Amino acid sequence: MNYYSLHNKAPKSSFKEAVIKGLAPDKGLYFPETITALEEAFFSSIIDLSREEIAFRVIEQFVSPEIPDDVLKEIIKETIDFDFPIVALDSHISTLELFHGPTMAFKDVGARFMARCLGYFNQHNKEEITVLVATSGDTGGAVAHGFLGVEGVQVVILYPKGKVSDVQEKQLTTLGQNITALEVDGVFDDCQDMVKRAFSDTDLTSQMRLTSANSINVARWLPQMFYFFFAYQQLYKKHNKIVFSVPSGNFGNICAGMMAKKLGLPIHHFIAANNENNVITKFLETQEYSPEPTVATISNAMDVSNPSNFVRIQEIHHQDFKSMSQALSSYSYSDKETEDALKEIKVQYDYIADPHGAIGYLACKEYLKDHKKTHCVFLETAHPAKFLRTVEGVLNVKIALPEQIKQVINKKKVAIAISNYDGLKKFLLSR
Ligand SMILES: *Cc1c(COP(=O)(O)O)cnc(C)c1O
C-alpha cells in the first residue's frame, strides 16, 4: 500500500517508509492511497471468525506486501492477546472495555502493533532508530511497554510535568533499558510541538533516524480499527443501529473507527466525547476551527487543544463539512459533570468507569435523547485504577489494583527534566 501526505507536497511512501518516518517530509500526516471495503461475505460470517482472523482481514491491505502474511499473523497474535469485552449497562448503552492490556489503556493495541512492525523493518539494519513520542498520559506507558527491549530502537518519551496521573507516570518512567522519559515543564501541546519541531530540524535528522509513535504514525493508528470490529461481532445480532461514543483527545481512536466504517463496518454514527478542550465540538457548531490553550482536566489523556488526527477525519469525508457533520457529533463536558457521571454510573449500574469513559457515557446519553432507536457504545479507554485518586475520591470506594498496576506502582521514577526545545535537542545530540 502507498501512502500520501495530507499536505500533498511529499512523494508517496510505502507502508515501511511511512512507519519509519512517522510524519511525511512536508510535515503532513500519511493517508492510505486506496481503501477497499471488505466483501459482504466477511460481514455475514463474522460470527465464525476468530479475532486474529478478523484483524488480519482488516489490516492486510494496508501493510501488504511489505509485511509477509505469516509475519503479520504473528504480529497480530502478539498485539491482541487480551480481552475486548462489551459490558451492557442497559438495553441502550454498553461499554467496550479496552483496558485489558499490559498498561490498561487502549493504546496498548497500537503501540504493540507498531513496535513489532518497526522491529521487523529494522531487523537487518545496523543504524538505530529513535522513537520520539509526546504523551498526554497513556501513550507513554503503552509505547514504553510495547517497545521495551526491541532491538535497534531507542524510545524517548516527553510528558508534561505534574499533568499525568501517578500510575501513568510510573508506567513510563520505571522501565529503563531502551526507554528514556523526559519530564517537560509545560502542557501536552508543548510536548507535541517539540516533537514536531525535532522532526523538521535538519541538525537532528541528518545525524539520527527519528520516528514518532504518536497516533500520527500509521502503524499505531490503523490497528485501532480492530476493536470496532470485535465490538460489532459481539453486538450485531442484538442491535442494528450501533453508535460509538469515543472519548477523544488527539482523535486517533475515533478516526480509526471511521476507517473501520470505510471498510464497510455498519456503524450508524460516531460521537466525539470531549472534556473542556473542545475545539471540535465548537467546530461542528460554527465551522470555525480555533484552538485555544489547553485546559488541565481530570480526563487528562484528552487534554489536547489541537488534535492531530482531525485532518484525517476531514480527508475520510473528502473535506466536505456536510458529510462529516452527518457522520459525527461532538459534545463536551466539565470536570464537575464528569464526576457526577462517575457517580451516576456507579449508582445506577454498579459499574466503575474512569473519567474518560464517563465522558463517553455522558455523550451517549445526550445522543440517545434524540435517537432512541440506536444502541450507544462508549469506549472505556482506560482502567479506573489508572486514575486512582480521582475515582476513589469521587466515589468514596477502594479500587482493587490490577496486577499490571501493582507491578509498577512501587518502582522508582527515573526522568530527565527539560524545559524547552533546546533541552530536548541537547539531550538527543548528547547520546
Ligand atoms: C489517549 C486517550 C484518549 C484519547 O484518544 P485519542 O486517540 O487521542 O483521541 C482517551 N482516553 C484515554 C484513557 C487515553 O489514554
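Residues numbered from 1 in each chain as written. Predicted model: local features only at pLDDT ≥ 70, side-chain atom pairs only at ≥ 80, totals over all residues. Heavy atoms only, no water.

Asks: Hey, could you run me through the packing of aromatic side chains in this one?
Replies: Aromatic ring pairs are reported here in terms of the distance separating the ring centres and the angle at which the planes meet. For the structure shown, the criterion picks out 26 aromatic pairs. An angle of 40° between the planes, with centres 6.1 Å apart, marks the rings of Phe31 and Trp221 as tilted. Of this pair, Phe31 sits in strand 3 (residues 30-32) while Trp221 sits in helix 10 (residues 218-221); the two residues are 190 residues apart in sequence, bridging distant segments of the chain. Pair check on accessibility: Phe31 and Trp221 agree, each one buried. Relative to Phe228, the ring of Tyr227 has its centre 5.6 Å away and its plane inclined at 35°; by these criteria the two rings are tilted. Each member of the pair, Tyr227 together with Phe228, is buried. One cation-aromatic arrangement involves Lys73 over Phe56; the distance from NZ or CZ to the ring centre is 4.8 Å. (Phe/Tyr/Trp six-rings, centres within 6.5 Å; stacked < 30°, edge-to-face > 60°. Helix = DSSP H or I, 4+ residues; strand = E, 2+ residues; numbered from the N terminus. Buried < 20%, exposed > 50% of the residue type's maximum accessible area, 1.4 Å probe, protein only. Lys NZ or Arg CZ within 6 Å of the ring centre and 35° of its normal.)

Asks: Where do I start with the side chain of Asn309 in this structure?
Replies: Within the secondary structure layout, Asn309 lies in the loop between helix 13 (279-286) and helix 14 (310-316). Of the residues examined, Asn309 reaches a relative accessible area of 0% and is grouped as buried. If we ignore the near neighbours within four places in the chain, the residues touching Asn309 are Leu29, Ser215, Ile216, Asn250, Phe251, Gly252 and Cys255. (Contact = heavy atoms within 4.5 Å.)

Asks: Honestly, the pairing of strand 8 (residues 179-184) in this entry has me stumped. Any pointers?
Replies: It is a general feature of regular strands that their side chains alternate between the two faces of the sheet. Within strand 8, 5 of the 6 residues are buried, leaving the element largely enclosed by the surrounding structure. In this sheet, strand 8 lies alongside strand 7 (residues 153-160) in parallel orientation, the contact comprising 6 bridges. Bridging across to strand 8, Val155 finds its partner in Ile179. After leaving strand 7, the chain enters helix 7 (residues 166-173) and then returns to the sheet as strand 8, a path that is right-handed. (Pairing = 2+ DSSP bridges. Right-handed = clockwise from strand over helix to strand, strands pointing away.)

Asks: Any chance you could explain the site of the ligand here in plain terms?
Replies: Surveying the vicinity of the ligand reveals 15 residues, the closest of which are Lys107, Asp138, Gly249, Asn250 and Thr381. Backbone polar atom of Asn253 to an oxygen atom of the ligand: 2.9 Å apart, as the coordinates give it. Thr381 is positioned such that a nitrogen or oxygen atom in its side chain is 2.8 Å from a nitrogen atom of the ligand. Here the ligand, which alone exposes 390 Å², has 98% of that area covered by the protein. Its residues assigned to classes, the shell around the ligand comprises 6 nonpolar, 7 polar and 2 charged. (Near = heavy atom within 4 Å. Polar contact = N/O pair within 3.5 Å; in protein donor to acceptor, adjacent residues only side chain to side chain. Areas by Shrake-Rupley, 256 points an atom, 1.4 Å probe, with all protein chains shown as cover. Nonpolar A, V, L, I, M, F, W, Y, C, P; charged D, E, K, R; others polar.)

Asks: Help me out: how do you make sense of the environment of Thr103 in this one?
Replies: Structurally, Thr103 can be placed in the loop between strand 5 (93-97) and helix 5 (107-121). Filtering out sequence-adjacent residues up to four positions away, Thr103 remains in contact with Asp108, Gly141, Ala142, His145, Gln171 and Lys386. One polar contact links Thr103 to Asp108, side chain to side chain, over a distance of 2.7 Å.

Asks: Hey, could you run me through the packing of helix 6 (residues 138-147) against helix 7 in this one?
Replies: In helix packing, the relevant descriptors are the interaxial angle and the interaxial distance, both defined with respect to the helix axes. Relative to each other, helix 6 and helix 7 sit at 30°, their axes nearing to 8 Å. In this view, helix 6 runs roughly parallel relative to helix 7, as classed from their interaxial angle. Seen from above, helix 6 lies across helix 7 with left-handed handedness. Where helix 6 abuts helix 7, its residues Asp138, Gly140, Gly141 and Ala144 lie against Gln168, Gln171 and Leu172. Among the residues making up the contact of helix 6 with helix 7, the classes are represented as 2 nonpolar, 4 polar and 1 charged. (Axes fitted to C-alpha atoms, helices over the stretch in contact; angles between N-to-C directions. Parallel < 35°, antiparallel > 145°, perpendicular 65-115°, else oblique. Left-handed = near helix turned anticlockwise from the far one by under 90°.)

Asks: Help me understand the pattern of salt bridges in this model?
Replies: Opposite charge on two side chains makes pairing possible when the charged atoms of those side chains draw close. Counted according to the given criterion, the structure contains 19 salt bridges. The shortest N-O distance in the salt bridge between Lys413 and Glu183 comes to 3.1 Å. With a gap of 230 residues between them, Lys413 in the loop between helix 19 (403-409) and strand 14 (416-418) and Glu183 in strand 8 connect regions that are remote in the sequence. On the accessibility criterion, Glu183 (12% relative accessible area) is buried. Residues Lys425 and Asp203 are paired through a salt bridge, measuring 2.8 Å at the closest nitrogen-oxygen approach. You can see Lys425 sitting in helix 20 (residues 421-430) and its partner Asp203 sitting in helix 9 (residues 202-205), a full 222 residues away along the chain. Look at Lys425 and you get buried, because its relative accessible area is 18%. Linked by salt bridges that have partners in common, Glu39, Arg57 and Glu60 make up one network. (Salt bridge = Lys/Arg side-chain N within 4 Å of Asp/Glu carboxyl O.)

Asks: How do you make sense of the sheet that holds strand 6 (residues 129-134) when you look at a structure like this?
Replies: Strand pairing in a sheet takes place through backbone hydrogen bonds and is either antiparallel or parallel in direction. One open sheet holds the 5 strands; their spatial order is 9-6-7-8-14, and the pairing between them is parallel. The open sheet has two edge strands, strand 9 (209-212) and strand 14, and neither has a second partner. Strand-to-strand twist in this sheet, taken as the mean axis angle between neighbours without regard to direction, amounts to 30°. In this structure, strand 6 lies alongside strand 7, joined through 6 bridges in parallel fashion. Bridging across to strand 7, Val133 finds its partner in Ile157. Relative to the sheet, helix 6 contacts strand 6, strand 7 and strand 8, its axis offset from that of strand 7 by approximately 165°.

Asks: What should I look at first to understand helix 16 (residues 335-349) in this one?
Replies: For an α-helix, the turn length of 3.6 residues means that residues three or four places apart are oriented alike. Taking 1.5 Å per residue, 15 residues should reach 21 Å; helix 16 reaches 21 Å between its end C-alpha atoms and fits that length. Trailing helix 16 by a residue or two, Asp350 shows a phi angle of about 55°, which is positive. (Expected span 1.5 Å × (residues − 1).)

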